[in-house]
Every structure is written in structure tokens, then in C-alpha cells.
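Below are the chains, spelled out letter by letter.
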Amino acid sequence: AQSVTQLGSHVSVSEGALVLLRCNYSSSVPPYLFWYVQYPNQGLQLLLKYTSAATLVKGINGFEAEFKKSETSFHLTKPSAHMSDAAEYFCAVSVIGNQFYFGTGTSLTVIP
Amino acid sequence: DAGITQSPRHKVTETGTPVTLRCHQTENHRYMYWYRQDPGHGLRLIHYSYGVKDTDKGEVSDGYSVSRSKTEDFLLTLESATSSQTSVYFCAISEPQMGEDSGSTDTQYFGPGTRLTVL
């Protein structure tokens, strides 16, 4: 069975500080991994995805994530937080069959 | 942005009434999905479709039915709405792309959501 765990339902960082959002996955087969962002009253927007081509994946808005098989992790980072990064972030895993399994989300607050 | 619209965007209804939500896409993608989003649960798959008239159940399908008579439209019906179905509903679409190891690398693109309140 596939599953995703996002550690920390709420994360607060100061503007300009490092953003680190954690995601661990469980999968019986090599997974494909995704990070999505959701701004208030909007749908989910793809930030980045891992599809086995490279373990370090760069996405939009300065975000990146590193796939670590030994740790079954796919943590999302950004070197310097902006106020506009305040949103909810979802990690998702996909295996053969086109079904996604989402984490419960992490709400990011950026403090001025 | 992917061409996905959902209607209505907001709906308030009463327990026991039927409700139909519509998802419309202009991307000609084969796969379409319905999710519900609830605090503390993330997104959970209700039903999905892999082609016209081809649908399957997801994780939380009880109380919901779907239909897809055209590639561009995917309907979600609550036959008799209950308060536990108060939620935000999202439609998503994807087009299969095979990865290096023959696994699916589909990216799902999401609509703007429908907020449903069942009183």
C-alpha cells in the first residue's frame, strides 16, 4: 500500500528564512512524488515532481525537493521565504495506475 | 493553467436532496478524478474515470456516483446528500505518460473547487 506522511500540519518561518516542509512516503514499488501548493480558495497547483530522472528536483517559485530513497523522504525546501509563499502544501505519491495518495497537508505561515 | 472548470463553485443544500457537481475540461485528457478535501484528511479520491463511460471507485466512494458521457465532462452525484458530505470538492485531470521504468508519471491538474454545504 502507498501512503504519505507530512510531518507538521503547521509551520511558521520568518521572511527570508529557510523553508523546510517534510514528506515521507511508503511505497512497495518505486514511486513518483509530487509537491502541490494551494492558495486560499483555489485549487492545487503543481510545484514540482520526481520521476526518477534526478534526485534533486527544482520547481517553480524557487522551491526544490530531494528524493532520498534510503530515508523514504521527499522534503521540500526554499532558501529564503517570501510573504507570497504562505499557503498550504501537499505531498503526493503516485504509482502505476494513475492514482495519487495525498498527505494531510502543511500550512505555511510567513512572519514579516 | 489547465482548462478545467467546475460548477457550481458554491452550493448550499438540505439533507436528503440530490446534488450534481460538474467538471468540464478543454484539454482532451483521458483521465478525470473527483476528490474531496477535509481538514486533517488532505485530499481523498472519490471516483475516477479512465475514458468515456469507464469509471472506478476511489477511497471514499460510498454515497457518490459518477458519469462520463463525453471526454470533456465528468459529473459527480450525491444521490441523497448528508451533512457528512459537506466538503470542498475538486476535479482533476491527467494524461498518461510512461516513465523510464514503464511506470506512470502522470501529473494531475486541478480545478478551482466546489464548496458544498449540506444543512
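Since this is a predicted model, take the numbers as computed values, not measurements.

Caption draft 1: Here's a closer look at the overall build of chain B. Helices and strands together make up the secondary structure of chain B, namely zero helices and eleven strands. In chain B, the order of α-helices and β-strands from amino to carboxyl end is β-β-β-β-β-β-β-β-β-β-β. Relative to the globule expectation of 14 Å for 119 residues, the C-alpha radius of gyration of chain B, 14 Å, shows essentially globular dimensions. Along the longest, intermediate and shortest principal axes, the C-alpha atoms of chain B span 50 × 30 × 25 Å.

Caption draft 2: The pairing of strand β12 (residues 106–111) of chain A, seen in detail. Residues and elements named next belong to chain A. Only one face of β12 is covered, namely the one carrying Thr106, Leu108 and Val110; the face carrying Ser107, Thr109 and Ile111 has none of its residues buried. Looking at chain direction, strand β2 (residues 10–14) and β12 are connected through five bridges and run parallel. Within the sheet, the bridge partner assigned to Val11 lies in β12 and is Leu108.

Caption draft 3: A look at the side chain of B:Thr13. All names here are of chain B. Relative to the elements of secondary structure, Thr13 occurs in strand β2 (residues 10–13). Residue class for Thr13 comes out buried when judged on its relative accessible area of 9%. Polar side-chain contacts of Thr13 include one of 2.5 Å to the side chain of Thr17. With sequence-adjacent residues up to four places away left out, Thr13 is seen in contact with Val19, Ala81, Leu116, Thr117, Val118 and Leu119.

Caption draft 4: Spatial organisation of the environment of A:Leu18. Residues and elements named next belong to chain A. One can find Leu18 in the loop between β2 and β3 (19–21). Residue classification places Leu18 among the exposed residues on the basis of a relative accessible area of 53%. When neighbours within four sequence positions are excluded, Leu18 is seen to be in contact with Val13, Lys78 and Pro79.

Caption draft 5: Up close: the state of the cysteines. Residues and elements named next belong to chain A. Tallying each qualifying case throughout the model produces two disulfides over all chains. A disulfide bridge connects Cys23 with Cys91, and the sulfur atoms are separated by 2.0 Å. With the S-S dihedral at roughly -65°, the linkage between Cys23 and Cys91 falls on the left-handed side. Here the residue Cys23 occupies a position in the loop between β3 and β4 (24–26), and Cys91 occupies one in strand β10 (residues 87–94), the gap between them amounting to 68 residues. Among the residues examined, Cys23 registers a relative accessible area of 0% and is labelled buried.

Caption draft 6: Structural context of the sheet that holds strand β7 (residues 64–70) of chain B. Residues and elements named next belong to chain B. The sheet built from four strands is open, its strands ordered β1-β3-β8-β7 with antiparallel pairing. The open sheet terminates on both sides in strands that have one partner only, identified here as β1 (4–7) and β7. The mean angle between the axes of side-by-side strands here comes to 20°, regardless of whether they run parallel or antiparallel. The pairing of β7 with strand β8 (residues 73–78) spans five bridges and is classified as antiparallel. The residue of β8 that forms the bridge with Lys70 is Asp73.

Caption draft 7: The pattern of salt bridges, seen in detail. All names here are of chain B. Evaluation of the coordinates by the stated rule reveals six salt bridges over all chains. With a closest N to O distance of 2.8 Å, Asp38 and Arg36 form a salt bridge. Residue classification places Asp38 among the buried residues on the basis of a relative accessible area of 11%. For Arg36, a relative accessible area of 8% puts it in the buried group. Residues Asp38 and Arg44 are paired through a salt bridge, measuring 2.9 Å at the closest nitrogen-oxygen approach. Residues joined by salt bridges that share partners form a network here, namely Arg22, Lys70 and Asp73.

Caption draft 8: Main features of the interface of chain B and chain A. In this assembly, 26 residues from chain B lie in contact with 22 residues from chain A. Here chain B meets chain A over a buried area of about 2000 Å², counting both sides, of which 50% is carbon and sulfur. Applying the counting criterion to the chain B and chain A interface returns zero salt bridges. Where chain B touches chain A, the interface holds three residue pairs in polar contact (both at pLDDT 80 or more). Every element with two or more residues in the side of chain B that touches chain A is listed here: β4 (31–38) and β5 (42–51) of chain B.

What counts as what
Residues numbered from 1 in each chain as written. Chains lettered and ligands numbered in written order. Predicted model: local features only at pLDDT ≥ 70, side-chain atom pairs only at ≥ 80, totals over all residues. Heavy atoms only, no water. Helix = DSSP H or I, 4+ residues; strand = E, 2+ residues; numbered from the N terminus. Rg over C-alpha atoms; globule rule 2.2 N^0.38 Å. Buried < 20%, exposed > 50% of the residue type's maximum accessible area, 1.4 Å probe, protein only. Pairing = 2+ DSSP bridges. Polar contact = N/O pair within 3.5 Å; in protein donor to acceptor, adjacent residues only side chain to side chain. Contact = heavy atoms within 4.5 Å. Disulfide = S-S within 2.5 Å. Axes fitted to C-alpha atoms, helices over the stretch in contact; angles between N-to-C directions. Salt bridge = Lys/Arg side-chain N within 4 Å of Asp/Glu carboxyl O. Buried area = accessible area lost by both parts, 1.4 Å probe.

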